[in-house]
Amino acid sequence: ASCSALSADIISTVEFNHTGELLATGDKGGRVVIFQREPESKNDPYNQGEYNVYSTFQSHEPEFDYLKSLEIEEKINKIKWLPQQNAAHSLLSTNGFNRQSLHFPLTY
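Residues numbered from 1 in each chain as written. Predicted model: local features only at pLDDT ≥ 70, side-chain atom pairs only at ≥ 80, totals over all residues. Heavy atoms only, no water.

The name that an unreviewed UniProt entry assigns to the protein is Protein phosphatase 2 regulatory subunit Balpha, with the source organism given as Varanus komodoensis.

Here it is as structure tokens:
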């Protein structure tokens, strides 16, 4: 079980939003983790915009396509940030067969 848990944690895709303030990673376990860049500190030259976890969610679960007799992996193949229309941020994630649309407000 520990080997499969480690395998599921392997990052399979990384995507910054258009401003670089947010970073999304997808892994082989179907999870998406959103990181937010911390403001740069003028008093601490070594703290220049580190990224911290903002949110984590399960985007895809393993599935079985009965018509094609095919197992569908939960692994995230691609993340795409959508243009921001309002205060919420949106992204799409795909495992190659299904797409998920995710929307979340950004609080400071």
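Here the narrative resumes, following the displayed structure.
A. The arrangement of the sheet that holds strand E4 (residues 51–58) in detail. One open sheet holds the 4 strands; their spatial order is E1-E2-E3-E4, and the pairing between them is antiparallel. Whereas interior strands pair on both sides, the edge strands pair on one side only; in this sheet they are strand E1 (11–16) and E4. This sheet shows a mean twist of 20° between the axes of neighbouring strands, independent of strand direction. (Pairing = 2+ DSSP bridges. Helix = DSSP H or I, 4+ residues; strand = E, 2+ residues; numbered from the N terminus. Axes fitted to C-alpha atoms, helices over the stretch in contact; angles between N-to-C directions.)

B. Quick peek at the packing of aromatic side chains. In this structure the tally under the stated criterion is 2 aromatic pairs. Centre to centre, the rings of Phe16 and Tyr51 are 5.9 Å apart; their planes meet at 70°, and the pair counts as edge-to-face. Here Phe16 is found in strand E1, whereas its partner Tyr51 is found in strand E4, with 35 residues between them in sequence. The exposure class assigned to Tyr51 is partly exposed, which follows from its relative accessible area of 28%. Geometrically, the ring pair formed by Phe64 and Tyr66 is edge-to-face, given 4.9 Å between the ring centres and 65° between the ring planes. Look at Phe64 and you get partly exposed, because its relative accessible area is 36%. (Phe/Tyr/Trp six-rings, centres within 6.5 Å; stacked < 30°, edge-to-face > 60°. Buried < 20%, exposed > 50% of the residue type's maximum accessible area, 1.4 Å probe, protein only.)

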